[in-house]
2 protein chains.
Amino acid sequence: MNRDPVVAIAGVTGAVGAEFIATMNRRDFRVGKLKALASARSAGKTVDFRGQQVVVEELTERSFAGVDIALFSAGSGASRRFVPAAVKAGAVVIDNSSAFRMDPNVPLVIPEINGRRIREHKGIIAVPNCSAITALMGLWPIHQKNRITRVIISTYQAASGAGAAAMDELVQSTRANLNGQVYAQKVMPHPYAFNLFSHNTAIDPETGYNGEETKVIHETRKIFEDDRIAVGVTCVRVPVLRAHCEAITFECEKPISETRVRNMLAGAPGVRLVDDRTGNYFPMPVDASGQDDVLVGRIRQDLSDPTGHSISMFVSADQLLKGAALNAVQIVEMLPQRAMA
Amino acid sequence: MNRDPVVAIAGVTGAVGAEFIATMNRRDFRVGKLKALASARSAGKTVDFRGQQVVVEELTERSFAGVDIALFSAGSGASRRFVPAAVKAGAVVIDNSSAFRMDPNVPLVIPEINGRRIREHKGIIAVPNCSAITALMGLWPIHQKNRITRVIISTYQAASGAGAAAMDELVQSTRANLNGQVYAQKVMPHPYAFNLFSHNTAIDPETGYNGEETKVIHETRKIFEDDRIAVGVTCVRVPVLRAHCEAITFECEKPISETRVRNMLAGAPGVRLVDDRTGNYFPMPVDASGQDDVLVGRIRQDLSDPTGHSISMFVSADQLLKGAALNAVQIVEMLPQRAMA
């Protein structure tokens, strides 16, 4: 590619859409032209891109003529419907939805872990589920040195994972609660102000796991390329705006100490240790929000495993950045055609 | 005791203090006279007790003459200082603090689990830590039938566990956040509005576990009278006002199915199953708040254990009621001298 790429963003008016633009700006990502795409409802609006007002067009099968790179974050329904047209038009699609993640022809990529898989793409590269990314960034540096055989995760997930409307609902319903007013929720299935609830994805009647949890299990195996890793996970929505947290306990093949884990994580790309026992300072959403790094702390021997094979820790990451937009932009930066530019 | 007991409440102006009174009223708990005790700061205020304004007196060593029952919830410092005086004056103390919980002479009681230990008291009966109560209410009916060998808990703890001032800080800091104002926190060590953080008790430098986590581990063993049960726990404060939640994964000695767990919990005293997979309806703080029962749901096989010995579930309980005031009043109701009245 000898010219700067034409980049389409599908879902440009959403929470991740805004972060695609902000992340590209922050990283001096070269863009020849931006195509701003969204549902018919948003067509005609404008988005600011590097000082220019770009008019939002309706996302259709015909949106992708001349597009080099298409960043999709418009939900899995829109991805299933429009990604094939984008690929057919010659675009490389980075898809933030779950639509193609488990397709064996689609690399599922966290650049710090399996970026080498990017060059195997056949038009689509999938961004993993945000809860999976948040956990795996902290687990990979360990898994490489001492295979993780089992992991148990409890998530504390932010509103942003359900989109801008959910973030707004958290704010508006909290305001109403503080003013003693009744708020009729429109986006979330349960009251969100000063409340938390099990992740609002459908439950598999067979396993009892919800959609989010099933994604974490399957995507962990695909990204780690390890079908044996045993994953148990509970996904919970908490009244936080845009950074996920996770309490993680994992067991390794060989005995492991907290000191070794700390050493394995120190300097790992995209990971920042926040583990101050004296100051009682550990990963928090307020610190992870707006940050690229996944914060990891509370690293300690799991006292429920007297054999010394198990460690507990607590992580936090910006759901809109490393959990979505940043991970997608990192993938584009590693595309072979860019290297050839 | 042929007359209605004289009841003292130490910490009557606190969040649990108010619930002591409300719970006694709700349960038609007979009280001859109420002594309202609090720190010097609150002396002279009044509290409403069954339509009468009772003047709050300063809690001192001399507060307990003629008192039959003393309910303490004024922090472990106040308990260490004043409980011995209350016992010496002849009162039976129900202590909500951690001061005497691990004393081998002090029964540590959840009435539904080990109420029979109450009659062994030597003047003090301790109410367990609220996170321990919340977990153990759901685990005990299982443990009796199929010994639990290991449990891993992640908590989602409400502000109320840190008292009325912390609840107020959550409300005030959230209001400030929504109004774009800066809020200087006074009670919590970290911002609380739309944020969460590791439990603010000191970290044991040896284990890396904080005070709350260490309590859950030790108190579980004492209440279950089982020194072998292996407990791993991560305690986290979330922006919720008064009900704790916990994601719990436990392993049993013999294989166990989710159906068996559901059957063991159905009808267990103080436990209510809230486990609607089709409706995506599970235990939530908004439903547990103001309720006596511990809500248990999301009961499912732990997919990280292919041997079928492990179950995951999610629980929620009102921290001020079953986690504190209700559990204390239940203990008083089971006191031998009341049975003899």
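Structure: see above.
Quick caveat: nothing in here was measured; it's all calculated off a predicted structure. (Residues numbered from 1 in each chain as written. Chains lettered and ligands numbered in written order. Predicted model: local features only at pLDDT ≥ 70, side-chain atom pairs only at ≥ 80, totals over all residues. Heavy atoms only, no water.)

Q: Before we go on, may I ask you to explain the relation of the copies chain A and chain B in this structure?
A: One chain copy maps onto the other through a rotation about an axis and a shift parallel to that axis. Of the two same-sequence chains, chain A is brought onto chain B (RMSD 0.0 Å, axial shift 0.0 Å) by a rotation of 180°. Classification of the inter-copy transformation places it as that of a two-fold axis. The residues that chain A uses at the interface reappear at the interface of chain B in 98% of cases, marking a shared surface. (Least-squares fit on C-alpha atoms with pLDDT ≥ 70 in both. Contact = heavy atoms within 4.5 Å.)

Q: For this particular structure, what's the right way to read the interface of chain A and chain B?
A: Interfaces are frequently sized by the accessible area removed from exposure as the parts join. Listed as interface residues are 64 residues of chain A and, on the opposing side, 64 residues of chain B. Between chain A and chain B, the buried area comes to about 5,000 Å², and carbon and sulfur atoms account for 59% of it. Along the contact surface separating chain A from chain B lie eight salt bridges. Ionic pairing is found between Glu 213 of chain A and Arg 300 of chain B, a salt bridge with its closest N-O pair at 3.7 Å. At the junction of chain A with chain B, the criterion picks out 30 residue pairs in polar contact (both at pLDDT 80 or more). (Buried area = accessible area lost by both parts, 1.4 Å probe. Salt bridge = Lys/Arg side-chain N within 4 Å of Asp/Glu carboxyl O. Polar contact = N/O pair within 3.5 Å; in protein donor to acceptor, adjacent residues only side chain to side chain.)

Q: Can you help me understand empty space enclosed by the protein in this one?
A: The gaps of empty space that remain are located by a probe, the size of a water molecule, rolled over the atoms. In total, this model carries two cavities of 30 Å³ or more according to the counting rule given. Of the pockets and cavities examined, the largest cavity occupies roughly 120 Å³. Looking at the largest cavity, it is lined by 23 residues, and the ones nearest its centre are Ile 152, Ser 154 and Thr 249 of chain A together with Ile 152 and Ser 154 of chain B. Within the residue set of the lining of the largest cavity, elements represented by two or more residues are β9 (148-156), β11 (230-234) and β13 (243-252) of chain A together with β9 (148-156), β11 (230-234) and β13 (243-252) of chain B. Looking at the lining of the largest cavity residue by residue, the class counts come to 11 nonpolar, 10 polar and two charged. Empty space within the second largest cavity amounts to approximately 40 Å³. Residue lining of the second largest cavity: Thr 174, Phe 194 and Pro 239 of chain A together with Leu 170, Thr 174, Tyr 192, Ala 193, Phe 194 and Pro 239 of chain B, and that is the complete set. (1 Å grid on protein atoms, 1.4 Å probe; cavity = no way out; pocket = protein on both sides within 12 Å on 5 of 7 lines; lining within 4 Å. Points joined across faces, edges and corners; volume = space filled by probe spheres on them. Helix = DSSP H or I, 4+ residues; strand = E, 2+ residues; numbered from the N terminus. Nonpolar A, V, L, I, M, F, W, Y, C, P; charged D, E, K, R; others polar.)

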